[in-house]
Amino acid sequence: MQISASILSADMANLIAVTAGLEHAKVDMLHFDVMDGNFVPNITFGMPVLAAIDRCTPLFMDVHLMIADPLRYAAQFVEAGADLVTFHLESESDPKETIDAIHQAGAQAGIVLKPGTPWDAAIPYLEMAEVVLVMTVEPGFGGQSFLWDMVDKVTSLHRYIRQHNLPCRIEVDGGINVETAPYVLRAGAEILVMGSYLFHQANLYAAVQQIHAEAEKFFSDKTCVPDVPANGYSMKK
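Sequence order as written defines the numbering, with residues in each chain counted from 1. It should be noted that, the model being predicted, local features are given only for residues of pLDDT at least 70 and side-chain atom pairs only at 80 or more, the latter also being counted only at that level, while totals for whole chains, interfaces and linings use all residues. Hydrogens are left out, water is left out, and the side-chain values use all remaining heavy atoms of the structure.

(A) Focus on the layout of surface pockets. For each structure, a 1 Å grid was placed over the protein atoms alone; sets of points admitting a 1.4 Å probe that cannot get out are labelled cavities, open sets with protein on both sides within 12 Å along at least five of seven lines are labelled pockets, and lining residues have an atom within 4 Å of a point. Grid points are joined across faces, edges and corners, and a volume is the space filled by probe spheres set on the points. Estimated volume of the second largest pocket: approximately 220 Å³. When contributions to the lining of the second largest pocket are tallied by element, the ones reaching two or more residues are α5 (150-163), β7 (169-173), α6 (181-187) and α8 (204-220). Of the residues forming the lining of the second largest pocket, the biggest block, 3 residues, is contributed by α5. In this classification, the charged set is Asp, Glu, Lys and Arg, the nonpolar set is Ala, Val, Leu, Ile, Met, Phe, Trp, Tyr, Cys and Pro, and all remaining amino acids, among them Gly, are polar. The residue makeup of the lining of the second largest pocket, split by class, is 7 nonpolar, 2 polar and 5 charged. Starting at the N terminus, helices and strands are each numbered in turn, a helix being any DSSP run of H or I of at least four residues and a strand any DSSP run of E of at least two.

In structure tokens, the structure reads:
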């Protein structure tokens, strides 16, 4: 399991303090959400901000493009510091060409599925991509509630990836916290994007350690997480 901290929920007025705090908290990646106001109804960051953050930290840069034409900009984001670039299958760009462009620029590539996109839409690209990102909220804004029916999507993807012995890893993004993390881990996710939950904690390091503790509890005893009812379930602490 790896944690990718989404700075969409962080204090952008002090990038040096934010990145130093994430390094101290032992997160594995920094998640950078790019929104163009077209593909999703919000506008966030571009290449200059990514480059500035990359100069502040050695953290792995996990860049999520929520833009209409990722092929046009993919190489520029790699040049600005992206180590992994994920883009939406629902975008206007050809997925294979976009994956090739990201690889040629020197970064890992990933495909992203909105909640309404079926899991099997990813099948033609799983051999090419290092990551498949399942959105567990609708893309566009941070702080949304977890969509419980996405657990089944993660389960189906994980089963297919294992059956075909593919190296592609599953990432999840949206509403991930200490309560929802065990469910997506059980379903097969390996990378957890966490934003609002992490940055609302008084002690970032303790929050990250708690997530790891819940994961270790699950992996040591897979009976510790109950089935998710049709109307969703929230673990009570």
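(B) Broad picture of the side chain of His31. Take His31: it is sitting in strand β2 (residues 29-35). When a residue's accessible area, from a 1.4 Å probe over protein chains only, is under 20% of the maximum for its type it is buried; when over 50% it is exposed; and in between it is partly exposed. The class for His31 is buried, based on a relative accessible area of 0%. Within the structure, His31 has its side chain in polar contact with the side chain of Asp33 (distance 3.0 Å). Residues are treated as being in contact if the distance between any of their heavy atoms lies within 4.5 Å. The contact partners of His31, leaving out residues within four places of it in the chain, are Ser4, Ala5, Ser6, Ile7, Asp62, His64, Leu133, Glu171, Asp173 and Val193. Throughout this description, a polar contact denotes any pair of N or O atoms lying within 3.5 Å of each other; where both atoms belong to protein, one of them has to be capable of donating a hydrogen while the other can accept it, and for residues adjacent in sequence the pair is counted only when both atoms sit in side chains.

(C) The arrangement of the sheet that holds strand β3 (residues 60-66) in detail. Strand order in the closed barrel made by the 8 strands is β1-β2-β3-β4-β5-β6-β7-β8, with parallel pairing throughout. Going from strand to strand, the sheet's axes swing by 25° on average, the running direction of each strand aside. Pairing between strands is defined by DSSP: at least two bridges between the two strands are required. In this structure, β3 lies alongside strand β4 (residues 84-88), joined through 4 bridges in parallel fashion. Following the sheet pairing, Leu65 is matched in β4 by Phe87. Here helix α3 (residues 70-80) sits on the sheet in contact with β2, β3 and β4, set at roughly 160° to β3. All axes are obtained by fitting lines to C-alpha atoms, using only the stretch in contact for helices, and the reported angles, taken between N-to-C directions, cover 0 to 180 degrees.

(D) The pattern of salt bridges, seen in detail. Whenever Lys or Arg places a side-chain nitrogen within 4 Å of a carboxyl oxygen from Asp or Glu, that contact is recorded as a salt bridge. For the structure shown, the criterion picks out 1 salt bridge. Glu190 serves as the salt-bridge partner of Arg169, at 3.4 Å between the closest nitrogen and oxygen. With Arg169 in strand β7 and Glu190 in the loop between α6 and β8 (191-194), this residue pair connects regions lying 21 residues apart in the sequence. Overall, Arg169 belongs to the partly exposed group, its relative accessible area being 24%.

(E) Spotlight on the packing of aromatic side chains. Between rings of Phe, Tyr and Trp, where Trp is taken as its six-membered ring, a pair exists when centres lie within 6.5 Å; planes separated by under 30 degrees are stacked, by over 60 edge-to-face, and by other angles tilted. As enumerated under the stated definition, the model contains 4 aromatic pairs in all. Centre to centre, the rings of Phe146 and Trp148 are 4.8 Å apart; their planes meet at 80°, and the pair counts as edge-to-face. As far as the burial class goes, Phe146 and Trp148 line up, both buried. Among the aromatic residues, ring-to-ring pairing joins Phe146, Trp148 and Tyr183 into one connected group. The rule is short: NZ of Lys or CZ of Arg within 6 Å of the ring centre and within 35 degrees of the ring normal puts a charge over the ring. Looking at Lys114, its charged tip hangs above the ring of Phe39, at a distance of 4.4 Å from the centre.

(F) Seen up close, the pairing of β3. With respect to burial, β3 is a largely interior element, 6 of its 7 residues being buried. Strand direction decides the pairing type here: β2 and β3, joined by 7 bridges, are parallel. Looking at the pairing, Leu30 lines up with Met61 of β3. For the segment spanning β2, helix α2 (residues 47-56) and β3, crossover handedness is right-handed. Handedness of a crossover is defined as follows: with both strands directed away from the viewer, a clockwise route from the first strand across the helix to the second makes it right-handed.

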